[in-house]
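Coordinate analysis (summary)
Below are the chains, spelled out letter by letter.
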Amino acid sequence: MHRQRAIIRTLGLATAVAFAATACGPQHSGSAPAAPSAPVASPSASASGQDDKPGTASPSPSESSSPSASASASASPSQSEAPAVKPVMANGDENDQVRELQARLRQLKLMSSAPTGFYGSKTTAAVKSFQSQHGLGATGAVDEATWQKIQGLSRKPTEEELRPPTTNEVAAPDPRCMQGRVMCISKESRTLAWMIDGKVVSSMDVRFGSENTPTREGLFQVEWKAKDWTSTIYHTPMPYSMFFSQGQAVHYSADFAARGYAGASHGCVNVRDKAKLSALFDQVKVGDKVVVYW
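Heads up: these notes are all about the structure in this document. (Residues numbered from 1 in each chain as written. Predicted model: local features only at pLDDT ≥ 70, side-chain atom pairs only at ≥ 80, totals over all residues. Heavy atoms only, no water.)

**Comments concerning the packing of helix 5 (residues 96-107) against helix 7 (residues 144-152)**
Orientation of helix 5 relative to helix 7, taken along the N-to-C sense of each, is 50°, at an axis distance of 10 Å. Taken as axis vectors, helix 5 and helix 7 run oblique relative to one another. The hand of the helix 5/helix 7 crossing is left-handed. Where helix 5 approaches helix 7, its residues Gln97, Glu100, Leu101, Arg104 and Leu105 are matched on the opposing element by Trp147, Ile150 and Gln151. Taken together, the residues of the contact of helix 5 with helix 7 sort by class into 4 nonpolar, 2 polar and 2 charged. (Axes fitted to C-alpha atoms, helices over the stretch in contact; angles between N-to-C directions. Helix = DSSP H or I, 4+ residues; strand = E, 2+ residues; numbered from the N terminus. Parallel < 35°, antiparallel > 145°, perpendicular 65-115°, else oblique. Left-handed = near helix turned anticlockwise from the far one by under 90°. Contact = heavy atoms within 4.5 Å. Nonpolar A, V, L, I, M, F, W, Y, C, P; charged D, E, K, R; others polar.)

**Side note on unusual backbone geometry**
The backbone phi angle of Lys109 is positive, close to 65°, even though this residue is not glycine. As for its placement among the helices and strands, Lys109 is situated in the loop between helix 5 and helix 6 (121-133). One non-glycine residue, Tyr240, lies in the positive phi region at around 55°. Summarising the element assignment, Tyr240 is placed in the loop between strand 6 (224-226) and strand 7 (241-245). Among the residues examined, Tyr240 registers a relative accessible area of 12% and is labelled buried. (Buried < 20%, exposed > 50% of the residue type's maximum accessible area, 1.4 Å probe, protein only.)

**Looking at the pairing of strand 3 (residues 191-196)**
Where burial is concerned, most of strand 3 is hidden: 5 out of the 6 residues are buried. Sheet topology note: the strand 2 (residues 181-186)/strand 3 ladder contains 6 bridges and is antiparallel. In the strand pairing of strand 3, Arg181 is matched with Ile196. Here strand 2 hands over to strand 3 after 4 residues, with Arg190 in that stretch at a positive phi of 55°. Taken together, the 6 bridges between strand 3 and strand 4 (residues 199-207) define a ladder with antiparallel strand orientation. Bridging from a neighbouring strand, Ala193 pairs with Ser203 of strand 4. Counted along the chain from strand 3 to the antiparallel partner strand 4, the turn is 2 residues long, and its residue Asp197 has a positive phi close to 55°. (Pairing = 2+ DSSP bridges.)

Dropping the structure here:
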């Protein structure tokens, strides 16, 4: 009896692992995310890093015909055009206003990486530089005076400046990436750097899971690899998959290559450069480290 129970437990675990390993696939804006196949650790407040958050829903016919809706429609232009977010930003914030700030700082040659919408260490340093140059308190946080000055010295960013298709600049590596063979993955810069003994061998753009299905952060290792893999849950191809955490994997995404940051994965780390990932796949070994960090 004890032997039978042990066999059942073993089979159950193997089935759960196999199920979890096929759980990735692209999400499209407006589609409901599928439930994750395995428990997901609660992310920190800044862990999502999405560019595909849904917009405000359109009012229903009954709402648009109500007296309150009519009153809103007749509001003065200054009222209707008032920004929904106060022009004050600081480390840890994540929204479209931060994305605009980063694009403007890039125009001013104070940031070289593409906008991500997340206010992290690079944005803080750029804001401090701007404040120092213009006689403002170098706090690294954007108060109203700093925001007005930045707006006055830059122009409104274009959509391509806000979400450029170009390769992102690699972030400063996490300390855990400095020894051994590591896929060092930054959520802030949206890059994967393949590092050996502290040196960057290659790098590529990546995107992550949505707010509801976030990519886990932490120290992992490559558990197994599959050059040709298709998700049995979402039925989407996942070429060059390198699994590292309960079904989450680094893999090529045709959706990412086609739509860029307009979409998201169900938790996997998507790569859009197939040639670069193919070369990386040949170099990475089972057991190599994976670090996902902000």
